[in-house]
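# Coordinate inspection notes
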Amino acid sequence: MSWVVWRQYRAAAAITAALVAAFAALVVVTGVQAASQWHSALGACTASRTCGNLSSSTLFLGSHAIGFLVIMTLGVPAVLGILAGAPLLAHEFETGTNQYAWTQSVTRRRWLAIKTGWLLLAAAAIAGIVSALVTWWSGPNNALQANAFNPGRFDIMGIVPVGYAVFATALGITTGALLRRTLPAIAVTLAGFIAVRAVIFFELRRSFMTPVTSYFPVGGGPAPTGSGWQLGAGFVGGNGQPLILPLSTNGAVIGGTGGVGLPVSALPASCQQLAGNGRLTRATYHAVLSCAQAHGIRGYVTYQPASRYWAFQGIETGIFLLLAAALIAVAFAVVSRRDA
Amino acid sequence: MTWLTWRQYRAQAAVAALVLAAFAAVVLVTGFQLAAQWHTLLASCTASRTCASLQEGGTSLGSVLGHDFAILSMLAPVLFGVLVGAPLVAHEFEARTSDFAWAQSITRTHWLAVKVGWVLLAAAVWGGAIAALVTWWSGPRNAAFANAFQANYFDQQGLVPVAYSVFATALGIAAGAVLRRTLPAIAIVIGGFIGMRLWISQDLRMHFMTPVTAYYSVAGNFNPTAGSAILNGGLVDKAGQVVTGSSGNVMTVMIDGAPGTSLPAACQQLIPASANGPNGPSGATLNAVYGCLQQAGYRQFLSYQPISRYWAFQGIEAGIYLAVAAALIAITFYAVRRRDA
């Protein structure tokens, strides 16, 4: 059976290998450049003791075009699901080749197990290689910008791309088994993959674990969250309730750190009186600041600490692998029950 | 033939209409919220006379959901190309229905022309409806952030999405006619569409017309009309050569975007070593260096595409994609006519 699978997929395997090799060549060449740039910048800033300012400087690492290509690897799992997963069973049904396959000495379950097994393994391997290249390439950028945990970056590095690829391929196989036609299976795979990814990306990921909230005094800065994932920042009043900030940040602002300024217009009336009209002077600024502090107003930052990065990668990969396993179980049930 | 095309595509037409309706629902709901938010903001900033500072950022407009749907709309053309374009001819060959169709009283050219014509029209209408919704939704954001000419926003609005849709569909039809198999044709659509879009948006678009270059004093500021797309800027010497040079050390002081070490020796002398640090040069140092550069005939420059060219650029880019689509359709006719029945 493995031999049949290889015969069916050898052309696709050759094309995929060529594409992955081309991608690897581009990534390795530009990645080595970026790494040497990063090392010379680190050497220079260590000598002048200015490494603390490095992330805010205009240092740009890596090539712009390859940076785009790296972002495009977000689409790799969907392409695997569409081009490899969806036709696996649907195309056999469409062309009637399953009738030939099912009348051989190999059982249907074994036929399906070997086909899906090899294909899922190949999807995992391709996504794993691409993700490993992207992760290595992004190393200096991750160190410089501390953004590996941010949405979008998290999704193309580490082990999650493998989970996505296995899930997309399993989704393609199962929709193909259910719909028995390739094109509708492709459409459903694409829509389903984007929908599941979007729900987890926008809604669930942020609360895989309870986020950490740290408070800081108005006028002071928040504790740096490092490579953590900042979920929100703002100010709470003395009662612990978040202050409603006006939509427009026009007018005087105090304590503008952590990405959010506190407009004077959001303060209690007694503090606003101290501000007077127009720009704050040094004296009125401090008066307003201590008034806000006296009212118990504090700043807060909510974030997922960087130490949870691999836990989050593991949780998200686990979710997608579980979904994939459930889908494959459905495919087996459909194929076993279907009349030849 | 038109009746046959309708019979072949009525299921797809129903699905496409449903998808469009769902998309429209999200865009309309979030779009009305966005417009209301914008009007409140305008009213409040007019009252406090602070509208000029609105563009400076810090203002978030529109829901995350609406914004994500606007970004997702950039996938609509490739979706149509993959699901409708690629199988148009390829699936007829695969299922051998072409043998049946070509044995009827209608010529092959006529058969192809009617099918291709209706499907391309549908691609344009569907892509156009999505683009119209996104353009309407983005109106307040365009006004607030003046970013309609920027990459990605330019690609979601106006005419170009219609041309992308027609191009992706024509690419699918042509790839299917040449390769005669649906799946390889789908792969070509995905790869070809993304490649073409990236190439034009990253490399070509900003050079459709010669950019306007403004020269101004080394100590001065120059702001092109809000919304213009900026290509590059920096320092030029007396001969008009752009001053470049690798800074080597990331903390080297930058003067008007050029590293201090690339300035004429007379001006470099005026920069104390302490300026090459996190605090940067002092105001007095800067003034001295500016004076020296001015005497040496140095100027700043800024190259940009003015916002007044927005619709010209939309037209040029749409024209390119439509021309390529026409060439692809010509290839399709050639491939289908030559093929043995």
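All values reported here derive from a predicted model rather than from experimental measurement.

Calculation rules
- Residues numbered from 1 in each chain as written.
- Chains lettered and ligands numbered in written order.
- Predicted model: local features only at pLDDT ≥ 70, side-chain atom pairs only at ≥ 80, totals over all residues.
- Helix = DSSP H or I, 4+ residues; strand = E, 2+ residues; numbered from the N terminus.
- Buried ≥ 20, exposed ≤ 12 C-beta atoms within 10 Å, placed from the backbone.
- Contact = placed C-beta atoms within 7 Å.
- Domains from an automatic or database assignment.
- Nonpolar A, V, L, I, M, F, W, Y, C, P; charged D, E, K, R; others polar.
- Pairing = 2+ DSSP bridges.
- Axes fitted to C-alpha atoms, helices over the stretch in contact; angles between N-to-C directions.
- Expected span 1.5 Å × (residues − 1).
- pLDDT = per-residue confidence, 0-100.
- Parallel < 35°, antiparallel > 145°, perpendicular 65-115°, else oblique.
- Left-handed = near helix turned anticlockwise from the far one by under 90°.
- Core = buried A, V, L, I, M, F, W, Y, C linked by C-beta atoms within 7 Å.

### Thoughts on the overall build of chain B
In terms of helices and strands, chain B carries ten helices and five strands. Judged by the C-alpha coordinates and their principal axes, chain B covers about 85 × 50 × 30 Å. With 341 residues in all, chain B has 33% of them scored as buried. Summarising the internal contacts of chain B: among those between residues at least 6 apart in sequence, 80% fall at separations of at least 24.

### Examining the overall build of chain A
Helix and strand counts for chain A stand at ten helices and five strands. Within chain A, buried positions represent 33% of all 340 residues. Within chain A, counting contacts between residues at least 6 apart in sequence, those at least 24 apart form 78% of the total.

### So, the domain arrangement of chain A
Residues and elements named next belong to chain A. Segmenting chain A into domains produces domain 1 (2-54 + 61-208 + 309-337) and domain 2 (212-304). The interface is formed by six residues belonging to domain 1 together with six residues belonging to domain 2. Classifying every residue of the side of domain 1 that touches domain 2 by side-chain character gives four nonpolar, one polar and one charged.

### Observations concerning the sheet that holds strand 2 (residues 229-236) of chain B
Residues and elements named next belong to chain B. Taken together, three strands build an open sheet; the order of strands is 1-5-2 and the sheet is antiparallel. Strand pairing shows two members of the sheet lacking a second neighbour, strand 1 (212-216) and strand 2, which therefore form its edges. Going across the sheet, the axis of each strand differs from the next one's by a mean of 20°, ignoring polarity. As judged from the seven bridges shared by strand 2 and strand 5 (residues 299-305), these two strands associate in the antiparallel manner. Bridge assignment links Val236 to a residue of strand 5, and that residue is Arg299.

### Some thoughts on helix 7 (residues 182-204) of chain A
Between its first and last C-alpha, helix 7 of chain A extends 31 Å over 23 residues, near the 33 Å set by a 1.5 Å rise per residue. By the burial criterion, the buried members of helix 7 of chain A are Thr182, Leu183, Ala185, Ile186, Ala187, Thr189, Leu190 and Phe193 of chain A.

### A closer look at unusual backbone geometry
Even without being glycine, Arg180 of chain A reaches a positive phi, approximately 60°. With respect to the helices and strands, Arg180 of chain A occurs in the loop between helix 6 (160-179) and helix 7. You will see that Ala146 of chain B, though not glycine, has its phi angle at about 50°, which is positive. Tracing the backbone through its elements, the reader meets Ala146 of chain B in the loop between helix 5 (108-145) and helix 6 (160-179).

### Observations concerning the environment of Arg299 of chain B
All names here are of chain B. Summarising the element assignment, Arg299 is placed in strand 5. Distance in space between the C-alpha atoms of Arg299 and Ala239 is 10 Å, their sequence separation being 60 residues. Among all residues touching Arg299, those that are not within four sequence positions of it are Tyr215, Tyr216, Ser217, Val218 and Val236.

### Some details on the confidence of the model for chain A
For chain A, per-residue confidence averages 83 on the pLDDT scale, and 86% of positions sit at 70 or higher. For chain A, strand 3 (residues 253-257) of chain A is the element with the lowest average pLDDT, namely 60, and helix 6 of chain A is the one with the highest, namely 96.

### Concerning helix 10 (residues 309-337) of chain A
Residue and element names in this part refer to chain A. The end-to-end C-alpha separation of helix 10 is 43 Å, in line with the 42 Å expected for 29 residues at 1.5 Å each. All of the buried residues in helix 10 are Glu316, Phe320, Ala324, Leu327, Ile328, Ala331 and Val335. Looking at the buried positions of helix 10, the neighbouring elements they touch are helix 3 (76-95), helix 5 (108-145), helix 6 and helix 7.

### Details of the confidence of the model for chain B
Residues and elements named next belong to chain B. A residue-level look at chain B finds 91% of positions with pLDDT of 70 or above and a mean pLDDT of 85. By mean pLDDT, strand 3 (residues 254-255) is the weakest element of chain B at 72, and helix 6 is the strongest at 96. Across the predicted assembly, pTM comes out at 0.80 and ipTM at 0.72.

### A word on the sheet that holds strand 5 (residues 298-304) of chain A
All names here are of chain A. Across the sheet, which stays open at both edges, the three strands sit in the order 1-5-2 with antiparallel pairing between neighbours. Each edge of the open sheet carries a strand with a single partner, namely strand 1 (212-217) and strand 2 (229-236). On average, adjacent strands in this sheet sit at an angle of 20° to one another, irrespective of strand direction.

### Regarding the domain arrangement of chain B
All names here are of chain B. Its domain assignment divides chain B into domain 1 (17-44 + 63-208 + 308-338) and domain 2 (212-305). Here the C-alpha centre of domain 2 lies 43 Å away from the C-alpha centre of domain 1. Contacts between domain 1 and domain 2 engage six residues on the former and six residues on the latter. Grouping the amino acids of the side of domain 1 that touches domain 2 by side-chain chemistry returns four nonpolar, one polar and one charged.

### Some thoughts on the pairing of strand 5 of chain B
Judged from the five bridges that link them, strand 1 of chain B and strand 5 of chain B form a sheet pairing that is antiparallel. Looking at the pairing, Thr213 of chain B lines up with Ser303 of chain B of strand 5 of chain B.

### Regarding the packing of helix 3 of chain A against helix 6 of chain A
A pair of packed helices can be characterised by two numbers: the angle between their axes and the separation between those axes. Residue and element names in this part refer to chain A. At a closest axis distance of 7 Å, the pairing of helix 3 and helix 6 adopts a crossing angle of 30°. When the interaxial angle is binned, helix 3 and helix 6 end up roughly parallel. Seen from above, helix 3 lies across helix 6 with right-handed handedness. Among the residues forming the contact of helix 3 with helix 6, the class breakdown is 20 nonpolar, six polar and no charged.

### Quick look at the nonpolar core
Counting residues in each nonpolar core, the largest one holds 110 residues, and the members touching the most others are Ala123, Ala165 and Val166 of chain A together with Ala170, Ile186 and Val189 of chain B. If one sorts the elements of this core by residue count, helix 6 of chain B sits on top with 14 residues. Ignoring any residue separated from it by four or fewer positions in sequence, one finds Val189 of chain B in contact with Val78, Gly81, Val82, Gly85, Ala86, Ala168, Leu171, Gly172 and Ala175 of chain B.

### A closer look at the packing of helix 5 of chain B against helix 10 (residues 310-338) of chain B
Residues and elements named next belong to chain B. In the contact formed by helix 5 and helix 10, the axes pass within 10 Å of each other and the chain directions differ by 145°. Of the two elements, helix 5 crosses helix 10, and the hand of that crossing is right-handed. Across the interface between the two elements, Arg108, Thr109, Leu112 and Val116 from helix 5 touch Ile329, Thr332, Phe333, Val336 and Arg337 from helix 10. Here the residues of the contact of helix 5 with helix 10 sort into five nonpolar, two polar and two charged.

### Description of the environment of Ala36 of chain B
With respect to the helices, strands and loops of the structure, Ala36 of chain B is situated in helix 1 (residues 2-47). Between the C-alpha atom of Ala36 of chain B and that of Leu204 of chain B, which follows or precedes it by 168 residues, the distance is 37 Å.

### What to know about the environment of Gly67 of chain A
Of note, Gly67 of chain A is situated in helix 2 (residues 64-72). A C-alpha to C-alpha distance of 38 Å links Gly67 of chain A and Ser2 of chain A, two positions 65 residues apart in sequence.

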